[in-house]
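So you can see what is in the structure, the chains are spelled out below.
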Amino acid sequence: MYKIAALLFLTAFAGHASAQDCPNRYRFVDFGLQDREGVMRRGGTIFRAFDGQGADLLIPERSICVKVADLATDGRALPIPVVSNIWIDLEKAPTGLTGLQLKAVEDVVAAAEANAELHLAKLNQPDIIITRGQSFLCASEAGAPGLSCQLLSPYGGNAPLVVYCDAQICTMPVLGRDEQLIIGSAWNRVAGDSKAVGVEITERVQGIHDFLEAQF
């Protein structure tokens, strides 16, 4: 179960990345908005693609840009491309991450609910060990290293947040940020027992939140 869940991050999130429609140089990206005719326009969530020292945060070849009628420009007259997907350079990301992505989806709550299905189904099975913390509920099997944990999202809202861990890696396929964006990430697991993993996940998710929100 947990290996299958981990693949959600590698398949559903990785997709086919292409930067062919992206400008050669840009400092911000725009996740765009669809108009009443379903045409993508500029004017969505803006993400600052550089850190406080001016270093680029994105992996350019993994940004997916969308062709729109016209692009906004920033204060340096550089274009602000409309994107559907970006990946953060792990050298700039919080330590320990093995992937960090922001992706625009049509229905954030539906994506989060689909991700939570494996965890919720596990809760209804016999002989499942439930571990509760102040901000998490984890499910595991006796003698098995894998577990899944549902947490309170740092963004609030109705989109459930479930993280899946095997013995080495914890995977967060869907963290709903707003009505447009989901965040996907994975990191090296350090903690052993379920309660410690729940605490570790909570701290990791908060760290990802704090890192990314500094860019919006």
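One can find the structure itself at the top, above this paragraph.
The shown structure was predicted, so the numbers you read here are calculated from the model rather than taken from an experiment.

K.L.:
With reference to specific residues and values, describe the packing of aromatic side chains.
P.N.:
Within this structure, the stated rule accounts for two aromatic pairs. Here F47 and F216 contribute two aromatic rings whose centre-to-centre distance is 5.1 Å and whose plane-to-plane angle is 70 degrees, an arrangement assigned as edge-to-face. Remark: F216 occurs in the segment after α3 (194–213) and F47 occurs in strand β4 (residues 46–48); sequence separation between them is 169 residues. With relative accessibility at 30%, the residue F216 sits in the partly exposed group. Lying across the ring of F216, R177 places its NZ or CZ 3.6 Å from the centre.

K.L.:
Explain the state of the cysteines to me, and be specific about the residues and the numbers.
P.N.:
On inspection of all chains with the given rule, the structure shows three disulfides. Each sulfur in the disulfide pair C138 and C149 lies 2.0 Å from the other. Since a negative S-S torsion denotes a left-handed disulfide, the C138-C149 link at about 105 degrees is right-handed. Remark: C149 occurs in strand β12 (residues 147–151) and C138 occurs in strand β11 (residues 136–141); sequence separation between them is 11 residues. Accessibility assignment for this pair places C138 and C149 in one class, buried. Residue pairing for C165: its cysteine sulfur links by disulfide to C170, the two sulfurs lying 2.0 Å apart. A torsion of 105 degrees about the S-S bond marks the disulfide between C165 and C170 as right-handed. The two residues C165 and C170 agree in class, both being buried.

K.L.:
So what about the pattern of salt bridges? Which residues, and what values?
P.N.:
In total, this model carries eight salt bridges according to the counting rule given. The salt bridge involving R27 is made with D74; its shortest N-O contact spans 3.7 Å. Taken together, the residues R27 in the loop between α1 (2–13) and β1 (28–30) and D74 in the loop between β6 (72–73) and β7 (79–80) connect sequence positions 47 residues apart. By the burial criterion, R27 is buried, and D74 matches it. Between R177 and E213 there is a salt bridge, with the nearest N and O atoms lying 2.8 Å from each other. Of this pair, R177 sits in the loop between β14 (169–176) and β15 (181–188) while E213 sits in helix α3, placing them 36 residues apart in sequence. Judged by its relative accessible area of 18%, R177 falls in the buried class. Through salt bridges that share partners, R177, D178 and E213 make up one connected network.

Cut-offs applied
Residues numbered from 1 in each chain as written. Predicted model: local features only at pLDDT ≥ 70, side-chain atom pairs only at ≥ 80, totals over all residues. Heavy atoms only, no water. Phe/Tyr/Trp six-rings, centres within 6.5 Å; stacked < 30°, edge-to-face > 60°. Helix = DSSP H or I, 4+ residues; strand = E, 2+ residues; numbered from the N terminus. Buried < 20%, exposed > 50% of the residue type's maximum accessible area, 1.4 Å probe, protein only. Lys NZ or Arg CZ within 6 Å of the ring centre and 35° of its normal. Disulfide = S-S within 2.5 Å. Salt bridge = Lys/Arg side-chain N within 4 Å of Asp/Glu carboxyl O.

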